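# Overview (structure and organization)
Read off the chains here:
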Amino acid sequence: QNISSSIWERLLSIPRLEDRTFSNKNYVIAVENLEPEIEEWNNLKKYEEILTSHPELRFVIDIQHAVRMSEKVGSSYLDDLLALTKERIVGYHVSSFPPDSNLHVMLHDYPNVQIEEFLQKCYKKKQAPIVLEGEPVDVSSSTGIIKNYEKEVKYIRNLLSSKN
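Residues numbered from 1 in each chain as written. Predicted model: local features only at pLDDT ≥ 70, side-chain atom pairs only at ≥ 80, totals over all residues. Heavy atoms only, no water.

What follows is about the pairing of strand S3 (residues 89-94). Across the six residues of S3, five count as buried, placing the element largely inside the fold. In the sheet, strand S2 (residues 58-62) pairs with S3 via four bridges, with the strands oriented parallel. Following the sheet pairing, Phe59 is matched in S3 by Ile89. As judged from the three bridges shared by S3 and strand S4 (residues 130-132), these two strands associate in the parallel manner. In the strand pairing of S4, His93 is matched with Val131. Read as a crossover between parallel neighbours, the route from S3 over helix H5 (residues 113-125) to S4 is right-handed. (Buried < 20%, exposed > 50% of the residue type's maximum accessible area, 1.4 Å probe, protein only. Helix = DSSP H or I, 4+ residues; strand = E, 2+ residues; numbered from the N terminus. Pairing = 2+ DSSP bridges. Right-handed = clockwise from strand over helix to strand, strands pointing away.)

Okay, structure coming up:
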């Protein structure tokens, strides 16, 4: 039994979250689609099972993970993921990746049409907060880091405000 399978079994055995101590608080607990390198999660059935078992869970779509997964398992993965999670989406993680890499880099540094189109499609279906996950290219100074984040915000705002 590998580590990922045992984690999966433990997740499914968790008592319903509303039965736990923090249930009367204003917590939002979400799961995220994982990277394609984690073989056991390449099938949306696992996400469907956990969301069905725990209706109080919400979902964060990692746009880069989803696009890389679609390259591995087929393009219908993107539409299927969105359909499965649409009512539960509470956020998006946005980054890009250089060719032949799974690094998280800024989208404005490595524009990717698939990532951009999927982000637009998701955001059109459900507006939710965006977390910038890409690493800035210029980390030599705090000014360089801030300028990179400003560029990323502007790039994503322009992308989401453009007509499709």
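Let's shift gears to the pattern of salt bridges. For the coordinates displayed, the defined rule picks out five salt bridges. Across the pair Arg68 and Glu35 runs a salt bridge, and its minimum N-O distance is 3.9 Å. Residue Arg68 is found in helix H3 (residues 63-73), and its partner Glu35 is found in the loop between strand S1 (30-32) and helix H2 (44-53); the two are separated by 33 residues along the sequence. By relative accessible area, which is 7% here, Arg68 ends up buried. For Glu35, a relative accessible area of 22% gives the class partly exposed. Residues Lys45 and Glu48 are paired through a salt bridge, measuring 3.7 Å at the closest nitrogen-oxygen approach. (Salt bridge = Lys/Arg side-chain N within 4 Å of Asp/Glu carboxyl O.)

Considering the arrangement of structural elements, one finds Ala30 in strand S1. A residue is classified by how much of its surface remains accessible, and Ala30, at 33% relative accessible area, is partly exposed. The spacing of Ala30 and Gly91 is 61 residues in sequence and 9.0 Å in space, taken between C-alpha atoms. Among residues more than four places away in sequence, those in contact with Ala30 are Arg58, Phe59, Val60 and Val90. (Contact = heavy atoms within 4.5 Å.)

Once that is clear, we can look at the packing of aromatic side chains. Ring pairs (aromatic) are described by centroid distance and by the angle formed between their planes. The tally for this structure, following the rule as stated, stands at three aromatic pairs. Each ring, one from Tyr47 and one from Phe59, has its centre 5.7 Å from the other, and the planes form 80°; the classification is edge-to-face. Of this pair, Tyr47 sits in helix H2 while Phe59 is found in strand S2, placing the two residues twelve residues apart along the sequence. Phe59 sits in the buried class, given a relative accessible area of 0%. Summarising the aromatic geometry, the rings of Tyr92 and Tyr123 are spaced 6.3 Å apart at their centres and angled 55° between planes, so their arrangement reads as tilted. Placement of Tyr92 in strand S3 and of Tyr123 in helix H5 is noted, with a sequence separation of 31 residues between them. Under the relative-accessibility criterion, Tyr92 is labelled buried at 0%. Following the ring pairs from residue to residue traces out a cluster consisting of Trp41, Tyr47 and Phe59. Over the ring of Trp41 we find Lys46; its NZ or CZ atom is 5.9 Å from the centre of that ring. (Phe/Tyr/Trp six-rings, centres within 6.5 Å; stacked < 30°, edge-to-face > 60°. Lys NZ or Arg CZ within 6 Å of the ring centre and 35° of its normal.)

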